[in-house]
Amino acid sequence: MRRLKIAEKMRNLMAGYYMLGHNAKVRAWVTSGAPVEILYAMDVYPVYPENHGALIGAAKLGSHYSDFAEKRGFSRDLCSYARCDIGCVFAGTSPVGGLPRPSFLFACNNICNTVVKWYEVLSRIFKVPLFVLDMPFIRKELKDSHLRYVEDQLLDFIKFVEKITGTQMDDSKLKEVGTKSVEAVKLYGDCLRMAKNKPSPMTCFDAFINMAPIVCLRGTDYAVSFYKDMKEELEDRVKNGISAIENEKFRLLWDNIPVWYRLRWFSEFFESKNACLVADTYTNAWTGFSEIRSSDLISSLAEVYTVSYLNIGIERMAEIINWLIEFYEVDGVVMHSNRSCKPYSFGQYEIQKKLSVPSVIIEADMVDERAFSEAQIATRLEAFLEML
Amino acid sequence: MKVGYFCTFTPKELIHSAGFLPFRVFATRKPISLASAYIQSYACSQARGALEVAMSDEFHGFVFTRSCDTLMRLTDILEFLGKRVYNIEFPTKIGNVDYYVQELRDFCKALESWGGEISFERVMESLELYRELEEKLTKLFEICADYETAIKVQQTEVRDAIKLVEKKIAEAKKENAPKILLTGSVCPYPEIYEIFRNAGFAIKDDLCTGRRFFEFRRPNFEPHDLNSALRFLAEKYFAKAPCPTKHYSNDYRFEYLLKLAEDCAAVVFLLVKFCEPHFFDFPQLKEKLEEMGKKVALIELEFPVASTEQIRTRVEALREVIE
């Protein structure tokens, strides 16, 4: 596989991001789908335990750190991001030397209710305040009452942060951060959409590896400049006819969080079968945040963040996947049934029956390598690709 | 007509007042087979078992309340199977009553579209009936925790349920044994509770098949119209025995549980495998309970329970430790 050069820049950028955290005055541990714009606008440094979990998975240290939590009584059936993150707190270290201690915690349940429980645990360990941003689940239509409920909480949250930091929210700064966030998300979306080219200049593995800035640095100049560069590299590839894999015969779509400790194994496996995973539902989830309007920031933050990909019914999820199938012209879908992520995985059996192309389900876990059965997964995937 | 529900936060009063029979769906003794084609094996066996039951044609519809992620997706799955479903967005964060009153208003409309009738008088009548049932269950449990009855009333018309509980109160005998606190989600098998009783414990609980079904703090006002009746209902359910799927200020659930455990000799976490909300709370609660000097044990359940022998051995060992 021809890896993107930008990955090197990403590593440096993220190393810098982690370093910055240790010097920050006020730090919040925050969930991946929370409106981080408010934090950046109020000079609060956001720490992302989920990103940390992914990093631990990619370093193949999932079971190692999980063990620290399991020894304290946390069940192995709990989400592995949570288990590893809590494990690192008990271990007092991690591949990045542990996350800096939070001043407060900010959990938004638009991705799962697991984060509420996880952050409650953290709040008891660190003895710091926790703000839960409660998003109604939008199974069908988004009601005005739901929006009002979220808007009220966003205003409460601003007051909550003002009390902790002792400084008032500056509306013009929030606007500025919002504008940067939209700009980064648009550029990020442009990057992902480059995979529409045939052959594709990138795989979803490139998207996975390079997603950290859109998660952690959304709302800053860093994310804008990073995705500008990534877009340029991809445009160059298209211009010069450079494809991500040698011989793209099949185009596939990945569903669910990646199997972080097996990224290389999967990418080599698919390349050896001339299959290119051109896109995925996970990294696409962040493209929806481009609809933020600076004219009415709070209500548009409420709207955009409430209808995030995991906070909608499976009917709507299947529509989105079918749209991705059509846009990227894929021949099949590989669905990761992820033991750690119930809202992402339950419903896959039903979604599968609503898709316009064939699909296969493989069972594993995003971070815990003990839940990975190589022979079984390889056989399933081989049979699927043969059928295609 | 039966309307199935899964969670004790469901406003049964409204379902009942609309002219339906609110019927709590539990995993049964039947092995889970059909459901396996629709949900993964790492969903808890209460969800898988309930799905198995829900796949039959005996229900007019199903009502869900936002509680755990699994139930949230079970709504989608049942709809996919062609069932009539409705989910009430019960807030995860307990606090905003106005928001929940609006959710209940929307639910009333859904019940009407299902063929039900909603009126102030009927809602008040159902509120009154359930108040009576809850008070009688509280009285019964003060004498002797009777889980067979507590489970049965969740699947019985409320007027018949009241009569059943009255009969049980008349027959009940006060238990004089060291108390044990059972905490967890559901355990729809009466024989499991008998194991504790046979080992010489009197049972106190924090379960959806026990206290969490009937313990409420009632608001201090009399509803005068439908709107205020819905507000009454919202406040009643906000002030219900707490559940780990909800987020309370000041860690209210921990405080509640530690208080509940005060007069108990031991605490048993009776947890259904894969139940995230309970398993997240377990380690830190256990630590606090042990600091209080309580003996703590964890028993993991999977439905249908294949053998009660292992559980019996664990419970008897616990009894010996306490002696």
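Numbering of residues begins from 1 in every chain and follows the order in which that chain's sequence is written. As a convention, the first chain written is A and the first ligand written is 1, with the rest following in written order. In view of the model being predicted, local features appear only for residues whose pLDDT reaches at least 70, and side-chain atom pairs are presented and counted only at 80 or more, with totals across whole chains, interfaces and linings using the full set of residues. Based on all heavy atoms of the structure, the side-chain values leave hydrogens and waters out of the count.

## Some points on the overall build of chain B
Alright, step 1. Along its length, chain B carries 13 helices and 8 strands.
Alright, step 2. A radius of gyration in this sense is built from C-alpha atoms; the matching globule rule multiplies 2.2 Å by the number of residues raised to 0.38. Here the C-alpha atoms of chain B give a radius of gyration of 19 Å, agreeing with the 20 Å that 2.2 N^0.38 yields for 323 residues.
Alright, step 3. In terms of overall dimensions, chain B has a C-alpha envelope of 55 × 45 × 40 Å along the principal axes.
Alright, step 4. A 1.4 Å probe rolled over the protein chains alone gives each residue an accessible area, and that area as a share of the maximum for its type sets the label: buried under 20%, exposed over 50%, partly exposed in between. In chain B, which comprises 323 residues, the share counted as buried stands at 63%.
Alright, step 5. If you take every contact in chain B between residues at least 6 apart in sequence, the share linking residues at least 24 apart comes to 71%.
Alright, step 6. Values of accessible area rely on a 1.4 Å probe in the Shrake-Rupley scheme; residue burial ignores everything except the protein chains shown. Roughly 12,300 Å² of accessible area belongs to chain B as shown, and the carbon and sulfur atoms make up 49% of that amount.
Alright, step 7. Just so you know, the count uses Lys and Arg for positive and Asp and Glu for negative, and it drops His and the chain ends. The atom standing in for a charge is NZ when the residue is Lys, CZ when it is Arg, CG when it is Asp and CD when it is Glu. Taking the average location of the 45 positive side-chain charges in chain B and that of its 50 negative ones, the two points are 2 Å from each other. Put simply, DSSP marks the helices as runs of H or I at least four residues long and the strands as runs of E at least two long, and each gets a number from the N terminus on. Residue contacts are defined here by distance: any two heavy atoms, one from each residue, within 4.5 Å place the two residues in contact.

## Some words on unusual backbone geometry
Alright, step 1. Here Lys198 of chain A and Pro199 of chain A are connected by a cis peptide whose omega angle stands at -5°.
Alright, step 2. Cis geometry marks the peptide bond from Phe303 of chain B to Pro304 of chain B; its omega dihedral reads -10°.
Alright, step 3. For Pro304 of chain B, the position within the fold is in the loop between strand S8 (295-301) and helix H13 (309-322).
Alright, step 4. Despite not being glycine, Lys60 of chain A has its phi angle at roughly 60°, a positive value.
Alright, step 5. Here Lys60 of chain A shows up in the loop between helix H3 (49-58) and helix H4 (62-70).

## Quick notes on the sheet that holds strand S3 (residues 104-108) of chain A
What holds strands together in a sheet is hydrogen bonding between their backbones, with the strands either parallel or antiparallel.
Residue and element names in this part refer to chain A.
Alright, step 1. Here, a strand pair is defined by DSSP locating no fewer than two bridges between the strands. Spatial ordering of the open sheet is given by S2-S1-S3-S4, a layout of 4 strands whose pairing is parallel. Every interior strand has two partners, whereas the edge strands, strand S2 (45-47) and strand S4 (130-133), have only one. Going across the sheet, the axis of each strand differs from the next one's by a mean of 25°, ignoring polarity.
Alright, step 2. With 3 bridges joining them, strand S1 (residues 27-30) and S2 adopt parallel strand pairing. Looking at S2, one finds that Arg27 is bridged to Tyr45.
Alright, step 3. Lines are fitted to the C-alpha atoms to define the axes, a helix being fitted only along its stretch in contact, and any angle between axes, read from their N-to-C directions, falls within 0 to 180 degrees. Each of S1 and S2 is contacted by helix H1 (residues 6-23), which is oriented at about 115° to S2, the strand it contacts most.

## Section: the UniProt feature "coiled-coil region" (unreviewed entry) in chain B
Alright, step 1. Per the UniProt record, "coiled-coil region" (unreviewed entry) is found at residues 130-175 of chain B.
Alright, step 2. Taken end to end, residues 130-175 of chain B is 76% helix and 0% strand, and its two terminal C-alpha atoms sit 26 Å from one another. UniProt positions are given in the numbering used here, feature names are shortened, and annotations may be inferred rather than shown by experiment.

## A few points about empty space enclosed by the protein
Alright, step 1. A cavity, in this analysis, means grid points on a 1 Å lattice covering only the protein atoms where a 1.4 Å probe fits yet has no way out; a pocket is instead an open set bounded by protein on both sides within 12 Å along at least five of seven lines, and a residue lines either one if it has an atom within 4 Å of a point. Grid points are joined across faces, edges and corners, and a volume is the space filled by probe spheres set on the points. Evaluation of the coordinates by the stated rule reveals 5 cavities of 30 Å³ or more.
Alright, step 2. The volume enclosed by the largest cavity comes to roughly 490 Å³.
Alright, step 3. Contributing to the lining of the largest cavity are 38 residues, with Cys68, Leu71, Thr245, Cys275 and Pro277 of chain B lying nearest its centre.
Alright, step 4. Elements represented by at least two residues in the lining of the largest cavity include exactly helix H6 (114-126) and helix H16 (342-345) of chain A together with helix H2 (45-54), helix H3 (69-80) and helix H12 (276-291) of chain B.
Alright, step 5. Around the second largest cavity, the lining is made up of 25 residues, and of these Ser32, Glu50, Ile111, Tyr282 and Leu310 of chain A lie nearest the centre.
Alright, step 6. Those elements that place two or more of their residues in the lining of the second largest cavity are H6 and H16 of chain A.
Alright, step 7. Only Asp, Glu, Lys and Arg are considered charged in this grouping, and only Ala, Val, Leu, Ile, Met, Phe, Trp, Tyr, Cys and Pro are considered nonpolar; every other residue, Gly among them, is considered polar. Of the residues that constitute the lining of the second largest cavity, the class distribution is 17 nonpolar, 5 polar and 3 charged.

## Things to note about the interface of chain B and chain A
Alright, step 1. Listed as interface residues are 46 residues of chain B and, on the opposing side, 56 residues of chain A.
Alright, step 2. Buried area counts how much accessible surface, traced with a 1.4 Å probe, disappears from two parts once they are put together, with both parts' losses summed. Between chain B and chain A lies a buried interface of about 4,500 Å² when both sides are counted; carbon and sulfur atoms form 53% of it.
Alright, step 3. The term salt bridge refers to a side-chain nitrogen of Lys or Arg lying within 4 Å of a carboxyl oxygen of Asp or Glu. Applying the counting rule to chain B against chain A returns 9 salt bridges.
Alright, step 4. Salt-bridge contacts for Glu79 of chain B lead to Lys140 of chain A; the nearest nitrogen and oxygen are separated by 2.9 Å.
Alright, step 5. N or O atoms closer than or at 3.5 Å make up a polar contact, with two conditions inside protein: a donor-capable atom paired with an acceptor-capable one, and, for residues adjacent in sequence, both atoms drawn from side chains. Connecting chain B to chain A are 35 residue pairs in polar contact (both at pLDDT 80 or more).
Alright, step 6. Broken down by secondary-structure element, the contributors of at least two residues to the side of chain B that touches chain A are H3, strand S4 (85-88), helix H4 (97-113) and H12 of chain B.
Alright, step 7. Looking at the side of chain B that touches chain A element by element, the count peaks at 9 residues for H3 of chain B.
Alright, step 8. For the side of chain B that touches chain A, a count of residues per class yields 20 nonpolar, 12 polar and 14 charged.

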